[in-house]
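Chain by chain, the residues:
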Amino acid sequence: FHSLLHHRGLRSSCFPRALSSQTGEDFSSLPVGVSLHGLTKIYGDKAAIENLNVSFYEGHVTSLLGHNGAGKTTTMSLLTGLFAPSSGSIDVYGKDMQTNIDAVRKELGVCMQYDVLFDHMTTKEHLLLYGQIKAPHWTPRELREILNETGMYPHRHKVVGTLSGGMKRKLSISIAFIGDSRLVVLDEPTTGVDPCSRRSIWDIIIQQKKKRTIIMSTHHLDEAEVLSDRIAFLEIGGLKCCGSPFYLKETLGQGYKLTLTKKVIILTCNAVNSSCCSKALLICVHHRRGSSATCKK
Ligand SMILES: Nc1ncnc2c1ncn2[C@@H]1O[C@H](COP(=O)(O)OP(=O)(O)OP(=O)(O)O)[C@@H](O)[C@H]1O
Ligand SMILES: [Mg+2]
């Protein structure tokens, strides 16, 4: 998956300069899809996010990681215009989010942390409804394609109220990608999805990332590593660090940690050959096939 880590082919001089100060890596040649400038959101007297400065690049999948309550969903809610920031600003493809919210939303696809679906409508009706709003030019072939890609084709006539949690998730992800949205925000897209379906969702995200800025959050570290061109770690509403998975591991990783559990077995003379025989404790590595044991004192 290392080839996924460095997607640097896209260049443009007409995009705003990247906010790369916190990254330690130089992405300044990449087109900036979204940039957050001093973004702060205060609920009551508590800051959910505080002074976030970070850029998200076109052609990149950027993952937001962080513990529960770190501020990932809050950041995404501001990115989708659900809430207004307390201070700071968001630029989406050069447009200020606050003053151009309608224009920004035309190019925005969202999969929120909790599915926002209508129980009495079928899978297909959902796609037709959102398709009608976001992509009236959609053909039945494109509709079938997205149903097939997400494995939802056999469930297209079921009402959403009867779908499993994972199926609802897949429908929400499909809706986010309708209409070639340039900014796609996915809040924990694969939570509750089975491993095989998770893998097919990864394929969709990788396939769709070209020409889009994808911002997703996840609690799965394997997923973040495989999918992300960059990872931003949030902690108590602040940006802890940001960079490609390779860069973060190189600069902040402490190598691999291998945990061995020692199984201590007291062997009798009959169990192993007599040269090992003693009443000492032996550590044994058992070979499954020959049921033999290599022993060390
Ligand atoms: N509507 C709200 N009103 C008040 N406080 C809120 C609201 N939404 C979020 N918060 C607070 O803001 C902080 C960040 O919450 P947020 O939902 O953004 O975290 P998160 O990183 O998405 O967590 P999780 O991994 O659990 O989804 C938390 O302390 C939370 O209690
Ligand atoms: Mg959240």
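Residues numbered from 1 in each chain as written. Chains lettered and ligands numbered in written order. Predicted model: local features only at pLDDT ≥ 70, side-chain atom pairs only at ≥ 80, totals over all residues.

- The protein chain has the name ATP binding cassette subfamily A member 12 in an unreviewed UniProt entry, where Oryzias latipes is given as its organism.
- You can read under Subcellular location (unreviewed entry) in the UniProt record for the protein chain the words "Membrane". (UniProt positions renumbered as here; feature names shortened; annotations may be inferred.)

What about the site of ligand 1?
Point 1. Taken together, Tyr43, Ala48, Gly66, Asn68, Gly69, Ala70, Gly71, Lys72, Thr73, Thr74 and Gln113 make up the full set of residues adjacent to ligand 1.
Point 2. A per-element tally of the shell around ligand 1 places helix H2 (residues 72-79) first, with 3 residues.
Point 3. Of the residues that constitute the shell around ligand 1, the class distribution is 3 nonpolar, 7 polar and 1 charged. (Near = placed C-beta within 6 Å. Helix = DSSP H or I, 4+ residues; strand = E, 2+ residues; numbered from the N terminus. Nonpolar A, V, L, I, M, F, W, Y, C, P; charged D, E, K, R; others polar.)

Description of the packing of helix H4 (residues 123-134) against helix H6 (residues 165-176)
Point 1. Two elements in contact, H4 and H6, have axes separated by 10 Å at closest approach and are oriented at 20°. Considering their axes alone, H4 and H6 lie roughly parallel with respect to each other. By crossing handedness, the relation of H4 to H6 is classed as right-handed. For the pair H4 and H6, the contacting residues are Thr123, His126, Leu127 and Tyr130 in the first and Leu171, Ser174 and Ile175 in the second.
Point 2. Across the contact of H4 with H6, the residue classes tally to 4 nonpolar, 3 polar and no charged. (Axes fitted to C-alpha atoms, helices over the stretch in contact; angles between N-to-C directions. Parallel < 35°, antiparallel > 145°, perpendicular 65-115°, else oblique. Left-handed = near helix turned anticlockwise from the far one by under 90°. Contact = placed C-beta atoms within 7 Å.)

Structural notes on the nonpolar core
Point 1. Counting residues in hydrophobic clusters, the biggest one holds 55 residues, and the most contacted among them are Ile90, Ala176, Val185, Leu186 and Ile215.
Point 2. If one sorts the elements of this core by residue count, strand S2 (residues 46-57) sits on top with 6 residues.
Point 3. Among residues more than four places away in sequence, those in contact with Ile215 are Val34, Phe56, Thr62, Leu64, Leu79 and Val185. (Core = buried A, V, L, I, M, F, W, Y, C linked by C-beta atoms within 7 Å. Buried ≥ 20, exposed ≤ 12 C-beta atoms within 10 Å, placed from the backbone.)

Some points on the environment of Ala70
Point 1. The residue Ala70 is located in the loop between strand S3 (61-65) and H2 in this model.
Point 2. Apart from the residues lying within four places of it in its own chain, the contact partners of Ala70 are Leu234, Glu235 and Ile236.

Observations regarding the sheet that holds strand S4 (residues 87-92)
Point 1. Spatially, S2-S1-S4-S5 is the arrangement adopted by the 4 strands of the open sheet, whose pairing is antiparallel. Since the sheet does not close on itself, it has two edges, and those belong to S2 and strand S5 (95-96), each with one partner.
Point 2. As judged from the 5 bridges shared by strand S1 (residues 32-43) and S4, these two strands associate in the antiparallel manner. Residue pairing for S4: Val34 is matched across the bridge by Val92. (Pairing = 2+ DSSP bridges.)

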